[in-house]
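Next come the chains, spelled out residue by residue.
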Amino acid sequence: MGKNPSIDLLKGVLILLVMAGHAMELTHQQHLALWIGAGFRMPVMIGISGYLLNVERTRSDPAGLLFKRYAERLLLPWLAALIVYELVTGAPLSWATPVEMLLRPPFHLWYVPVLFFLIMITRLVPLSPLILLAIGTPVSLATMYSFGLDHGPIGFSLVSPDSRFVRFPVYFFFGMLMAERGLPTRYLGIVLVVTALGLGWWSALQGSGNGLAYVPARLMMCLGLIALLPRLAALRLSFQPINRIGRDSLFFYLWHPLVMAGMLMAGANAPVMLLLAALALTAGSRLSARHAGLRRWLGSVPPPRSAPAIAIEPAPQPA
C-alpha cells in the first residue's frame, strides 16, 4: 500500500502521544489523558503496521531480499538503539544477553521485534487475513486474560518471550483485514458507537484495577479506531510538520527517550520536554537523512526526492 498523507498524519499524532506519555511518566505525573493514551496508542500503531503491510510482496519476495529490506528499515536501527541504551544504563552483560534482548527487549524497544515477528508469521502462514485474525484473536485474548495488559515475560525460563509477542496479533491481523476489505458504509455508524463506548468505558476504568473489564474496553476502543483507517485514508488529510514525524516514526520512536532523559537531567518539565524533544528529533532526522550510513543505523527516512526537471525544447524559429 502506497504512502497516504492521512495515515502519516495519524502515525505522527500517535508518536507525539507516545512522547507525551513518556514525558509525563518521567516527571511522575498521573492524568486521565495519560491513561487514555496508553490504552490505544501502541495497539493502533500495530494495527497501522498491519494495514500498511504489502502481504503479497511479503509472501512472494525471496527470503534474502525480505530480510535485507527489513534489516535496513527496522532491525539495524533497533540494534543500534539497543546497544546505545544498554551502554547508557550500564546494564550487566552475560552470555544470555542476546537471547534476553531479543525475546524480552528492555524499555520501549519491544515494538520492532514484535512487529517483525508478526510480519514473519504473515509470511510463513499463507492464510487470508480473516483466517489469521480468527487464529490470532483467541491467542491474544488468552494472553490478555492470563497475564494482564502489563508487559512481562510468559514463563520463567530463558526463552520465555515478552507477552506482547502474543498479545498484539489481534490488532495486526485486524489491520490487515481492514486493508483487504475496507469498512462498508453500512457499518460506519456501528463502528463509531462501539469506539465511543470503548473509549468511555476505558476512561471510567482508570485506577479501578478491574482486569476483567480492561480487556473488552480496550478491544472496543482500539479495534474501532483501526476499523476507521480506510475512512481516514480516503480523507487524505495533511499537516506537514506532523506528517513528517509520521513518515519518520521509527527514528522518533527509537530515540525520543534518550533525548528526553537528557532534558530531564536539565530540569525540564513535561510540556517543555515534549516540545524541545520534538524539535531536536526533527532536526536530527533531517541531518541524518542526508547520509546513507547514518540513515541505516539511526532509522531516519531518506529525504524526499525532487521531481525531475522536464526539458522543454525551444520553439522553432521562423526561417
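Residues numbered from 1 in each chain as written. Predicted model: local features only at pLDDT ≥ 70, side-chain atom pairs only at ≥ 80, totals over all residues. Heavy atoms only, no water.

## Structural notes on a nonpolar patch on the surface
Step number 1: There is a patch of nonpolar side chains on the surface, built from Leu79, Ile83, Leu87 and Trp297 and spanning about 410 Å² of accessible area.
Step number 2: You can see Trp297 is positioned in helix 16 (residues 292–298). (Patch = residues over 30% accessible without salt bridge, like charges linked within 9 Å, V, L, I, M, F, W, Y side chains within 5 Å. Areas by Shrake-Rupley, 256 points an atom, 1.4 Å probe, with all protein chains shown as cover. Salt bridge = Lys/Arg side-chain N within 4 Å of Asp/Glu carboxyl O. Helix = DSSP H or I, 4+ residues; strand = E, 2+ residues; numbered from the N terminus.)

## Digging into the pattern of salt bridges
Step number 1: Taken as a whole and assessed by the stated rule, the structure comprises six salt bridges.
Step number 2: Among the salt bridges present, the one from Arg41 reaches Glu25, with a minimum N-O distance of 3.9 Å. Residue Arg41 is found in helix 2 (residues 32–52), and its partner Glu25 is found in helix 1 (residues 5–26); the two are separated by 16 residues along the sequence.
Step number 3: Taking relative accessible area as the criterion, Glu25 reaches 41% and is therefore assigned partly exposed.
Step number 4: A salt bridge links Lys68 to Glu72, with the nearest nitrogen and oxygen atoms 3.1 Å apart. Taken as a pair, Lys68 and Glu72 lie in helix 4 (residues 63–89) at a separation of four residues, close to a single helical turn.
Step number 5: Glu72 gets classed as partly exposed once you look at its relative accessible area, which sits at 35%. (Buried < 20%, exposed > 50% of the residue type's maximum accessible area, 1.4 Å probe, protein only.)

## Some points on the nonpolar core
Step number 1: Residues Met19, Ile46, Tyr111, Tyr171 and Phe172 are the most contacted members of the largest nonpolar core, which totals 80 residues.
Step number 2: Apart from the residues within four sequence positions on either side, Phe172 is in contact with Ile46, Ser49, Gly50, Leu53, Leu115, Leu118, Ile119 and Thr122. (Core = buried A, V, L, I, M, F, W, Y, C linked by side-chain atoms within 4.5 Å. Contact = heavy atoms within 4.5 Å.)

## Structural notes on the packing of aromatic side chains
Step number 1: Scanning the model with the defined rule gives 14 aromatic pairs in all.
Step number 2: The interplanar angle of 5° and the centroid separation of 4.4 Å between the aromatic rings of Trp35 and Trp202 together place this pair among those described as stacked. Pair noted here: Trp35 is in helix 2 and Trp202 is in helix 10 (residues 188–204), with a separation of 167 residues, a long-range link.
Step number 3: By relative accessible area, which is 4% here, Trp202 ends up buried.
Step number 4: Ring pairs connect the aromatic residues Trp110, Tyr111, Phe168, Tyr171 and Tyr253, which therefore count as one cluster. (Phe/Tyr/Trp six-rings, centres within 6.5 Å; stacked < 30°, edge-to-face > 60°.)

## Points about the packing of helix 1 against helix 15 (residues 270–288)
For any two helices packed against each other, one specifies the inter-axial angle together with the distance between the axes.
Step number 1: Between helix 1 and helix 15, the shortest axis-to-axis distance is 9 Å and the interhelical angle comes to 135°. As judged from the angle between their axes, helix 1 and helix 15 are oblique. When you trace helix 1 past helix 15, the crossing you get is right-handed. Note on element contacts: helix 15 touches helix 1 through Ala270, Met273, Leu274, Ala277, Ala278 and Leu281, opposite Leu16, Met19, Ala20, Ala23, Met24 and Leu26. (Axes fitted to C-alpha atoms, helices over the stretch in contact; angles between N-to-C directions. Parallel < 35°, antiparallel > 145°, perpendicular 65-115°, else oblique. Left-handed = near helix turned anticlockwise from the far one by under 90°.)

## Topic: the environment of Arg123
Step number 1: You can see Arg123 is positioned in helix 6 (residues 111–124).
Step number 2: Separated by 65 residues in sequence, Arg123 and Thr58 have C-alpha atoms that sit 5.9 Å apart.
Step number 3: Here Arg123 is in contact with Thr58, Arg59, Ser60, Asp61, Pro62, Ala63 and Leu66, once residues within four sequence places are set aside.
Step number 4: Among the polar contacts made by the side chain of Arg123, one reaches the main-chain carbonyl oxygen of Asp61 at a distance of 2.8 Å. (Polar contact = N/O pair within 3.5 Å; in protein donor to acceptor, adjacent residues only side chain to side chain.)

## Considering helix 13 (residues 240–247)
Step number 1: What helix 13 keeps buried is the set Ile242, Asn243, Arg244, Ile245 and Gly246.
Step number 2: The inward-facing, buried residues of helix 13 contact helix 1, helix 14 (249–265) and helix 15.

## Some remarks on the packing of helix 1 against helix 14
Step number 1: Two elements in contact, helix 1 and helix 14, have axes separated by 10 Å at closest approach and are oriented at 25°. Between helix 1 and helix 14, the angle is such that the two are roughly parallel. The chirality of how helix 1 crosses helix 14 is right-handed. On helix 14, the residues touching Lys11, Ile15, Val18, Met19, His22, Ala23 and Leu26 of helix 1 are Ser249, Phe252, Tyr253, His256, Met260 and Leu264.
Step number 2: The residue makeup of the contact of helix 1 with helix 14, split by class, is nine nonpolar, three polar and one charged. (Nonpolar A, V, L, I, M, F, W, Y, C, P; charged D, E, K, R; others polar.)

## A word on the environment of Leu149
Step number 1: Mapped onto the secondary structure, Leu149 falls in the loop between helix 7 (129–147) and helix 8 (164–167).
Step number 2: A sequence separation of 102 residues divides Leu149 from Gly47, and the C-alpha atoms of the two residues are 17 Å apart.
Step number 3: Apart from the residues within four sequence positions on either side, Leu149 is in contact with Met144, Arg167, Trp202, Tyr214, Val215 and Arg218.

## Focus: the confidence of the model for the protein
Step number 1: Mean pLDDT over the protein stands at 91; residues scoring 70 or higher make up 95%.
Step number 2: In this model residues 307–319 is a low-confidence stretch, pLDDT under 50, and it forms zero contacts with partners more than four residues away in sequence or in other chains. (pLDDT = per-residue confidence, 0-100.)

## Regarding the side chain of Asn243
Step number 1: Considering the arrangement of structural elements, one finds Asn243 in helix 13.
Step number 2: Of the polar contacts made by the side chain of Asn243, one reaches the backbone oxygen of Pro5; its length is 2.9 Å.
Step number 3: One polar contact links the side chain of Asn243 to the main-chain amide nitrogen of Phe239, over a distance of 2.8 Å.
Step number 4: Setting aside anything within four residues of it in sequence, one finds Asn243 in contact with Pro5, Asp8, Leu9, Leu237 and Ser238.

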